[in-house]
Amino acid sequence: MLKKELEIFTFGDLLEHYPNRHIDKTKLNKIREINPQTDFIQVAGTLLSYETVGAGHGKRLVAQLRDSTGILELAWFQGINWVVKGLHVGSDYLVFGKTGFFNGKPQIVHPEIEPYLHAYAEGKNFLEPVYPTTEKLKARGFNGRQLGKLTYALISLIQPKDLPENIPEEVVKKLKLMNRFEAYRNIHFPASVELSAECIRRLKFEELFIAQIRLNLVRLQRQKVSKGVVFEKVGEYFNTLYSKYLPFELTGAQKRVLKEIRNDTGRGHQMNRLLQGDVGSGKTIVALLSMLLAADNGYQSCLMAPTEILAQQHYIGLSELLKEMPVEIALLTGSTKAKERRRVLQGLLDDTIHFVVGTHAVIEDTVQFRNLGLVIVDEQHRFGVAQRAKLWEKAIIPPHVLVMTATPIPRTLAMTAYGDLDYSVMDELPPGRQPITTVHRYETARANVMDFVRTEIDKGRQIYFIYPLIEESEKLSYEDLMQGYEQVKSFFPEPKFRISMVHGRQPSEQKETNMQRFVSGDTQIMVSTTVIEVGVNVPNASVMVIESAEKFGLSQLHQLRGRVGRGKEKSFCILLTGVKASKEARERIKIMCATNDGFKIAEKDLEIRGPGDIEGTRQSGALNFKMASIVNDRDLLELARAEAERIVEEDIDLTMAKNLMLKNFLHGQKTKNGWGKIS
Ligand code: ADP
Ligand code: MG
């Protein structure tokens, strides 16, 4: 039972089955103190009377308990016969429970009650643990209390040698951590709230620290030990594009990241870098210059995008930049025709194609490279871990890997879910961008919104209308979109206005044509589902109207909004909602209206949703903490990261005497899911 329901297999697991919280029964309350705000209380008093009242469903047992300050009513609706056996009028009882008021009198329904021992004069001498348990276990009569008893028995048996310290002593001292044995012993039945806090701090730190040690070992071993192809020089390709064809000056952040990439790839070890940049920060050009660096050193590159539209856009954009240069670039997606496909596969094999841009079609087994040196994964969050792993198998010496994220990831999340990667942040937007103005409008104001849209179109701007993908039903989404399309058409009739529509059900050729018409400015309006979400770049588009905005997540809204504000013109994002939206949805919309900063939005998203739901991290075992939380324990995480990094930098094999206990611990710990390489 314990095994199946709580995954408790060993004594160790039982020890680590931490209480959710503690109930402080070390103090006694007075009945007079009870007020409508009171939550749980513990009182000691004398039983005045009890009686069974009502019948059938309404049958209940009601008792009166008195202390020196007042009278408290106790009530039971179930197990009446059993409770009655323990009640004796005139005896003293210790009662604990959640207070409420009934007919204006304080009451506890289903209190915990036990004979009052005078040893408890000041309450119990430890806090009582409340364990997470399951309905099934409860149904079999095994509740948190029994678990507590079992744990209590176990704790009285364990010795310090059973739980040797696993954090190097210098760290324990420096951070004033409680030692490991004490922490485990006291976490279940601490004598005070203060002691409990000390235990929790120690155990949280331990969890974070061990995780950080593992991640840093992977990261630094790769940096120092693994083999990687060497990009030793910057050559013709890179320099020509840089000096002749770059349409703008690079931002400081772009230059810095390129320098980091150059460093990484020149040392003979594999690069595995996560590049975070807010939407519009200019990641594509960094990708291109990195690919040219690979080409300068005789290596092929591959750029993977999560959707076909995005792959095509990249292909078109890069081809344009490269058109005066002797660089062969090809597109490979699921819809590439057989003949072209054969040509591309051959070109990759004989190295006449330098760059390939594609969707996950690129990682199919049939795709072989002569000389793959660099893999860039754009808008990483849509790519599964397994898909990426496949790429690494394509070369004997693994290619360098640059993962570019669509949406910024909060630092704490990056440190945990991607802590084995090196990471760069592009926190600077190209100059001249005007901040996007975001507003919230109710559907009832649609006519006004449409008027505004019309004035923008009259100025020569282009407009997006975005409809939600309804997850449960593709059909519903489709109908929603079609209705929207008709509505938009009724406001903006042809021939004066021209509309493109793109959605998931279209054949990719049609998608492509519609997209292309919008990109070229032939159509002024784009009606679309979220397929447009990532990467698409139409600088002349200045307004985005998001329909049913309450149905979108924060990072998705931010990502969508990033499609406007890419040109010189002032841009707007209008979030349309019905009048009824949940509290969470309203909060998301408020945040969107308040800031354009993707990093701030990502932090908020993490706070609202918790780490489990953030896209792309779900499969990652790195977030399965028992105690620590990356939302609430940022400071501890930073400390753990710093200490772990320092230790691994100094002693990568953990062979120094002071790190031996740690090493032994890591060896002994069973390999848990998800601790393999993330990339
Ligand atoms: P993202 O980081 O969202 O992928 P892109 O690479 O698509 O951003 O770049 C967004 C837009 O900014 C593109 O039109 C690109 O040409 C432009 N851009 C990129 N870098 C600069 C720069 N340093 N100066 C001016 N414009 C730039
Ligand atoms: Mg991009």
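The rules we used
Residues numbered from 1 in each chain as written. Chains lettered and ligands numbered in written order. Predicted model: local features only at pLDDT ≥ 70, side-chain atom pairs only at ≥ 80, totals over all residues. Heavy atoms only, no water. Helix = DSSP H or I, 4+ residues; strand = E, 2+ residues; numbered from the N terminus. Buried < 20%, exposed > 50% of the residue type's maximum accessible area, 1.4 Å probe, protein only. Areas by Shrake-Rupley, 256 points an atom, 1.4 Å probe, with all protein chains shown as cover. Near = heavy atom within 4 Å. Polar contact = N/O pair within 3.5 Å; in protein donor to acceptor, adjacent residues only side chain to side chain. Nonpolar A, V, L, I, M, F, W, Y, C, P; charged D, E, K, R; others polar. Contact = heavy atoms within 4.5 Å. Expected span 1.5 Å × (residues − 1). Arc of directions from axis to C-beta. pLDDT = per-residue confidence, 0-100. Core = buried A, V, L, I, M, F, W, Y, C linked by side-chain atoms within 4.5 Å. Pairing = 2+ DSSP bridges. Axes fitted to C-alpha atoms, helices over the stretch in contact; angles between N-to-C directions.

(A) Structural detail: the overall build of the protein chain. From N to C terminus, the protein chain includes 23 helices and 21 strands. Within the protein chain, the proportion of its 679 residues that are buried is 52%. Just so you have it, the protein chain exposes about 31800 Å², and 52% of that area is on carbon and sulfur atoms.

(B) Fine view of the site of ligand 1. E249, Q254, G280, T284 and R433 are the nearest of the 16 residues found near ligand 1. Here an oxygen atom of ligand 1 sits 3.5 Å away from a polar atom, N or O, in the main chain of S281. With respect to ligand 1, the side chain of N537 contributes an N or O atom lying 2.9 Å from an oxygen atom. In isolation ligand 1 has 560 Å² of accessible area, and contact with the protein removes 84% of it. The residue inventory of the shell around ligand 1, partitioned by class, reads four nonpolar, seven polar and five charged.

(C) View of the environment of M482. Mapped onto the elements, M482 comes out in helix 17 (residues 474-491). In this structure M482 comes out as partly exposed when scored by relative accessible area, which is 22%. Ignoring anything within four residues of it in the chain, the contact list for M482 reads M501 and H503.

(D) Focus on helix 17. A rise of 1.5 Å per residue sets the reference length of helix 17, with its 18 residues, at 26 Å; its end C-alpha atoms lie 26 Å apart and thus fit the reference within 8%. Inspection of helix 17 places S477, L481, G484, Y485 and V488 among the buried residues, and these make up the whole buried set. When helix 17 is viewed along its axis, its buried side chains cluster within an angular range of 105° and face the same direction. Turned more than 90 degrees away from the buried face of helix 17, the exposed residues are K475, Q483 and S490. On its buried side, helix 17 packs onto strand 17 (462-466), strand 18 (499-502) and strand 19 (525-528).

(E) Molecular detail of the confidence of the model for the protein chain. When the pLDDT values of the protein chain are averaged, the result is 85; 89% of them are 70 or greater. Counting contacts from residues 616-620, a segment whose pLDDT is below 50, to residues more than four positions away or on other chains yields 13 contacts. The low-confidence segment residues 671-679 (pLDDT under 50) makes 19 contacts with residues lying over four places distant or belonging to another chain.

(F) Structural view of the nonpolar core. Core analysis: the largest hydrophobic core is formed by 40 residues, its most contacted members being L292, L322 and F355. Mapped onto this core, the elements with two or more residues apiece are helix 9 (236-245), helix 10 (252-265), helix 11 (283-296), helix 12 (308-321), strand 11 (329-332), strand 12 (355-358), strand 13 (372-377) and strand 14 (400-405). For this core, the element with the most residues is helix 11, which contributes 10 residues. Leaving out residues up to four positions away in the same chain, L292 has contacts with Y237, F238, L241, L322, M325, V327 and F355. In terms of nonpolar packing, the next biggest core, distinct from the first, is built from 39 residues, L217, A628, V631 and F665 among them.

(G) View of the sheet that holds strand 9 (residues 272-277). Spatial ordering of the open sheet is given by 11-12-10-13-14-9-15, a layout of seven strands whose pairing is parallel. Of all the strands in the sheet, just strand 11 and strand 15 (422-426) have a single pairing partner and so form its edges. Neighbour to neighbour, the strand axes of the sheet diverge by 20° on average, direction disregarded. Strand direction decides the pairing type here: strand 10 (residues 300-304) and strand 13, joined by five bridges, are parallel. When the sheet's bridge partners are listed, M304 is paired in strand 13 with V377. Here helix 10 sits on the sheet in contact with strand 9, strand 14 and strand 15, set at roughly 160° to strand 15. Against the sheet, helix 11 makes contact with strand 9, strand 10, strand 12, strand 13, strand 14 and strand 15, and its axis sits at roughly 175° relative to strand 13, the strand it touches most.

(H) Layout of helix 18 (residues 508-519). The terminal C-alpha atoms of helix 18, which comprises 12 residues, lie 16 Å apart, in line with the 16 Å expected from a rise of 1.5 Å per residue. Where helix 18 is concerned, the buried positions are K511, N514, M515 and F518. All buried residues of helix 18 fall inside an arc of 100° around its axis, so they share one side. Where helix 18 is buried, its residues touch helix 12, strand 17, strand 18, strand 19 and strand 20 (541-546). One or two positions beyond helix 18, positive phi appears at G521, with a value near 90°.

(I) Up close: unusual backbone geometry. Of note, the bond from E494 into P495 is cis; its omega dihedral lies within 30 degrees of zero at 5°. Relative to the helices and strands, P495 is located in the loop between helix 17 and strand 18. Phi at N103 is positive, roughly 50°, even though this residue is not glycine. Along the chain, N103 falls in the loop between strand 5 (92-102) and strand 6 (105-109). Note on N103: relative accessible area 67%, which makes it exposed. Of note, the phi angle at K176 is positive, near 50°, even though the residue is not glycine. Along the chain, the position of K176 falls in the loop between helix 6 (169-174) and helix 7 (180-188).

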